[in-house]
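Okay, here's what each chain looks like letter by letter:
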Amino acid sequence: MLAVIQTDTAQSGFDTHSVDNQPPEYVIRDLWAADPALREAVAEEGGGRFEAQLADYGRIAGGELYRLSWDAHRDRPRLRTHDRFGHRIDRVEFHPAYHRIMEAAIGHGVAGLSWAPQTWGGGADGAHVARAALSYLHHQVEPGTSCPLTMTHAAVPALRREPALREWAEKAAAPYYDPGDAPIAGKAGVTIGMGMTEKQGGSDVRSNASTAMPVSGGDTYRLVGHKWFFSAPMCDGFLVLAQAPGGLTCLLMPRQLLDGARNSFRVMRLKDKLGDWSNASSEVELTGAHAYRVGAEGRGVAVIIEMVMLTRLDCMLGSAAEMRMALTQAVHHCRHRRAFGRTLFEQPLMRNVLADLVLESEAATRFALRVAGAVDRAPHDAHEAGFARVATAIGKYWICKRAPAFVNEAQECLGGAGYVEESMLPRLYRQAPLNSIWEGSGNIQCLDVLRALQREPAATGALRAELSSAMGRDSAFDAWVASITNDLTVLLAQDFDAVQAASRSLVERLALALQAAVLLRSGTPLADAFCRSRLGGARGCVYGTLSATIDTGMVLARMGCE
Ligand SMILES: Cc1cc2nc3c(=O)[nH]c(=O)nc-3n(C[C@H](O)[C@H](O)[C@H](O)COP(=O)(O)OP(=O)(O)OC[C@H]3O[C@@H](n4cnc5c(N)ncnc54)[C@H](O)[C@@H]3O)c2cc1C
């Protein structure tokens, strides 16, 4: 008898019970191969020739980077303002995992593939789509590093405006990560941050009070003031807004000067944030920092908006990625956990919840990739340029708003385990609200949509054409589009102030219509279920309320586990 008890104890590690009915560890996996919606969307949007690079990064992100992400997230960055001798150093220290993740991402084009023909065959058709897919794969495992990666990517068009800053543009697109303290000449690659938000205003950047005073009449300025949110302060350079004599102006502020001295700005403290822990977000004071003008004086908003359009695209890709990872974790758990005699995955009500999440996730992924395709084609296609303009704001609003409730629902699929850090769901849950707050919060996106529709005929025309292109395939979609088209005509004829309050409801309906249009045109088996549930009323307000007419088995087959 004694021998039996000893054997049980040895196997379970307990002498009171054996460990049973727990799912196996979520195994490291190939995020590209496991995601048919992503692969199909990349091919449809013209990124197919980058498939080998994406497959490669899917394995790295789902393998090594997933493993490292735990340390990068848990061991939060620390600010060291002074060295032991009292010299000011303003250095943020990260766990080595953070640097390895940045190195892998930059080396594989997460920040640069769109721009660099000589490295990855980038800068050509499909490159934005492929880079967007890389960003989506990356964000699933380590969203904190996505912040400096997306800012570095998005800064390149602005830097390219100024011939004197060509080296900055080239090195921001280069496949090298160098976190050291050195001036640009000593680096093969650089990272770029962004400083707009000040204490008195973030959405309203025109209220920026920091000043930029020209030095001896050239293109060099000295910056005095502050930035209230300033993420990734260890970047090599920052695009900042400040008031120059000619008005609000965009400037590039390097961290190190050409002679190797630190530039004159101080990192005052790091923000103690809800989530996004691996990313350092700081407050800085500008104490006469040297900066180079980017674009004309007074054109700061126009210059930085070019950058922000791209970071907004990455917000929607990021939220879609968070949904995808949360869903993957939920399905993994439900397939192995049993309750009341069968697995959770086999329980009809849980199947309804999971199927609803699958529909939402695929619609988010495909819509974000559709916008990336439009960004790719925009330089030589007026329809796509108009579409990218308005769909970026619509998608940024909608997909980023959907993520927190989605992640919470996926978390609940794991029961109590989903509230425990080791499951990854708490990390995703803390991250989820951020994309809808920064880069222009929800209301700002809705007002931007309204402004584009009222003032930019190319954007309105592109939106209408996009919706028309999917007509005739689904009666619920056709009825939905007819109703919005009517409302649009009425709304757009009114004064901007009179219709502001209705803009969220308008943008929500447009977003659902655009998601449905993308799904219908793609031929995905989920299109019908999406249209019936989201447009045809076969659903309630929370996830898991699909009507019985929807074939959940067919929807769940998209996760490769039916
Ligand atoms: C973790 C983190 C990191 C960040 N990193 C950076 C960074 O690196 N660089 C940078 O420049 N900024 C950064 N930000 C700042 C971020 O971009 C701003 O917080 C955001 O743009 C909102 O600005 P605000 O905080 O001043 O809010 P406010 O502008 O005060 O807005 C508050 C709320 O009012 C709403 N609102 C504003 N105007 C209107 C209106 N006319 N009608 C209706 N509603 C309105 C907004 O949508 C928002 O919901 C970061 C923020 C966070 C949380």
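These figures come from a predicted structure and were not determined experimentally.

Engineer: Can you help me understand the overall build of the protein in this one?
Structural biologist: Helix and strand counts for the protein stand at 20 helices and 11 strands. When its C-alpha atoms are laid out on the principal axes, the protein stretches across 85 × 70 × 45 Å. Of all 562 residues assigned to the protein, the portion counted as buried reaches 58%. Considering only contacts within the protein whose residues lie at least 6 apart along the sequence, 72% involve residues at least 24 apart.

Engineer: Would you mind going over helix H18 (residues 503-522) with me for this structure?
Structural biologist: For an α-helix, the turn length of 3.6 residues means that residues three or four places apart are oriented alike. When the terminal C-alpha atoms of H18 are compared, their 28 Å separation across 20 residues agrees well with the 28 Å that a helix rising 1.5 Å per residue should span. In terms of residue burial, H18 counts as a mostly covered element, since 15 of its 20 residues are buried.

Engineer: Help me understand the pattern of salt bridges, please; the structure alone is not making it clear to me.
Structural biologist: Oppositely charged side chains can pair when the atoms bearing their charge come close. Here the structure, examined in full by the defined rule, presents 45 salt bridges. Glu170 is paired through a salt bridge with Arg166; the nearest N and O atoms lie 3.5 Å apart. One end of the pair is Glu170 and the other is Arg166, both in helix H8 (residues 166-172) and four residues apart, which spans about a single turn. One salt-bridge network, in which partners are shared between bridges, spans Glu45, Arg370, Arg377, Glu384, Glu466 and Arg521.

Engineer: Can you walk me through the environment of Ser207 in this structure?
Structural biologist: Examined against the element boundaries, Ser207 turns out to sit in the loop between strand E3 (192-195) and strand E4 (211-214). Taking the C-alpha atoms as reference points, Ser207 and Leu248, 41 residues apart in sequence, are found 9.2 Å from one another.

Engineer: Would you explain the site of the ligand in this entry?
Structural biologist: Inspection of the region around the ligand gives 20 residues, with Met196, Thr197, Gly202, Ser203 and Ser231 positioned closest. Gly202 has a polar backbone atom sitting 2.8 Å from an oxygen atom of the ligand. Between the ligand and Asn443 there is a distance of 3.0 Å, counted from a nitrogen atom to a side-chain nitrogen or oxygen. Within the complex, 67% of the 970 Å² of free accessible area of the ligand lies under protein. Only E3, strand E5 (220-231), helix H13 (434-437) and helix H14 (442-455) provide two or more residues apiece to the shell around the ligand. Along the lines of polarity and charge, the residues of the shell around the ligand split into nine nonpolar, nine polar and two charged.

Engineer: So what exactly am I meant to see when it comes to the layout of surface pockets here?
Structural biologist: To find leftover empty space, one rolls a probe the size of a water molecule over the atoms. Here the second largest pocket defines a volume of roughly 490 Å³. Surrounding the second largest pocket, 21 residues form its lining, His128, Leu310, Val375, Ala378 and Pro379 being those nearest its centre. Looking at the lining of the second largest pocket, the elements with two or more residues in it are helix H6 (127-141), helix H7 (143-160), helix H9 (300-336), helix H10 (348-377) and helix H11 (382-413). By residue number, the principal contributor to the lining of the second largest pocket is H11, which donates four residues. Taken together, the residues of the lining of the second largest pocket sort by class into 11 nonpolar, five polar and five charged.

Engineer: Help me understand empty space enclosed by the protein in this model?
Structural biologist: Counting across every chain of the model gives three cavities of 30 Å³ or more. Taken as a whole, the largest cavity holds about 70 Å³ of empty space. Taken together, Asp35, Pro36, Ala37, Tyr136, Arg324, Leu327, Val358, Ser361, Glu362, Thr365, Arg558 and Met559 make up the full set of residues lining the largest cavity. Elements with a contribution of two residues or more to the lining of the largest cavity: helix H2 (36-44), H9 and H10. At four residues, H10 tops the list of elements feeding residues into the lining of the largest cavity. Of the residues belonging to the lining of the largest cavity, the class tally is six nonpolar, two polar and four charged. What the second largest cavity holds in volume is close to 50 Å³. Taken together, Trp168, Gly180, Asp181, Ala182, Pro183, Ile184, Lys187, Asp236, Pro254, Arg255 and Gln256 make up the lining of the second largest cavity. Within the lining of the second largest cavity, the residues separate by chemical class into five nonpolar, two polar and four charged.

Engineer: For this particular structure, what's the right way to read the domain arrangement of the protein?
Structural biologist: Put simply, an interface is often sized by how much accessible area is lost when its parts join up. Domain assignment breaks the protein into domain 1 (75-107 + 142-298) and domain 2 (302-559). Taking only C-alpha atoms into account, the centre of domain 1 sits 32 Å from that of domain 2. On the domain 2 side, the residues contacting the 25 residues of domain 1 number 15 residues. Summing both sides of the interface, domain 1 and domain 2 together bury roughly 1,800 Å²; the carbon and sulfur share of this comes to 72%. If you sort the residues of domain 1 by the area they bury against domain 2, Pro143, Ala154 and Met194 come out on top, with a joint share of 24%. Across the contact surface, domain 1 and domain 2 share three residue pairs in polar contact (both at pLDDT 80 or more). Breaking the side of domain 1 that touches domain 2 down by element, the ones donating at least two residues are H7, E3 and strand E6 (237-244). Residues belonging to the side of domain 1 that touches domain 2 are distributed by class as follows: 15 nonpolar, eight polar and two charged.

Engineer: Just checking my understanding: could you explain unusual backbone geometry for this structure?
Structural biologist: Leaving glycine aside, a negative phi is the common case for residues, and trans is the common case for peptide bonds. Positive phi values are uncommon outside glycine, yet Met424 reaches one of about 80°. Residue placement: Met424 occurs in the loop between H11 and helix H12 (425-431). For Met424, a relative accessible area of 1% puts it in the buried group. We note that Glu439 has phi near 60°; this positive angle belongs to a residue other than glycine. If you trace the backbone, Glu439 turns up in the loop between H13 and H14.

Engineer: Looking at this model, I keep getting lost on the packing of H11 against H14. Mind explaining?
Structural biologist: Running from N to C, H11 and H14 point in directions that differ by 155°, and their axes come no closer than 9 Å. Overall, the two elements H11 and H14 adopt an arrangement that is roughly antiparallel. For the element pair H11 and H14, the recorded crossing hand is left-handed. From H11, Arg389, Val390, Ala393, Ile394, Lys396 and Tyr397 reach across to H14, where they touch Gly442, Gln445, Cys446, Asp448, Val449, Ala452 and Leu453. When its residues are assigned to classes, the contact of H11 with H14 shows eight nonpolar, two polar and three charged.

Engineer: Even after reading the chapter, I still don't get the pairing of E5, so can you show me in this structure?
Structural biologist: Regular strands have side chains that alternate between both faces of the sheet. Where E4 and E5 come together, four bridges link them in antiparallel fashion. Residue pairing across strands places Pro214 opposite Tyr221, the latter belonging to E5. Of the strand pairs in this sheet, E5 and strand E9 (residues 281-294) are connected by 10 bridges, and their pairing is antiparallel. In the strand pairing of E9, Lys227 is matched with Val284.

Criteria and thresholds
- Residues numbered from 1 in each chain as written.
- Predicted model: local features only at pLDDT ≥ 70, side-chain atom pairs only at ≥ 80, totals over all residues.
- Heavy atoms only, no water.
- Helix = DSSP H or I, 4+ residues; strand = E, 2+ residues; numbered from the N terminus.
- Buried < 20%, exposed > 50% of the residue type's maximum accessible area, 1.4 Å probe, protein only.
- Contact = heavy atoms within 4.5 Å.
- Expected span 1.5 Å × (residues − 1).
- Salt bridge = Lys/Arg side-chain N within 4 Å of Asp/Glu carboxyl O.
- Near = heavy atom within 4 Å.
- Polar contact = N/O pair within 3.5 Å; in protein donor to acceptor, adjacent residues only side chain to side chain.
- Areas by Shrake-Rupley, 256 points an atom, 1.4 Å probe, with all protein chains shown as cover.
- Nonpolar A, V, L, I, M, F, W, Y, C, P; charged D, E, K, R; others polar.
- 1 Å grid on protein atoms, 1.4 Å probe; cavity = no way out; pocket = protein on both sides within 12 Å on 5 of 7 lines; lining within 4 Å.
- Points joined across faces, edges and corners; volume = space filled by probe spheres on them.
- Domains from an automatic or database assignment.
- Buried area = accessible area lost by both parts, 1.4 Å probe.
- Axes fitted to C-alpha atoms, helices over the stretch in contact; angles between N-to-C directions.
- Parallel < 35°, antiparallel > 145°, perpendicular 65-115°, else oblique.
- Left-handed = near helix turned anticlockwise from the far one by under 90°.
- Pairing = 2+ DSSP bridges.

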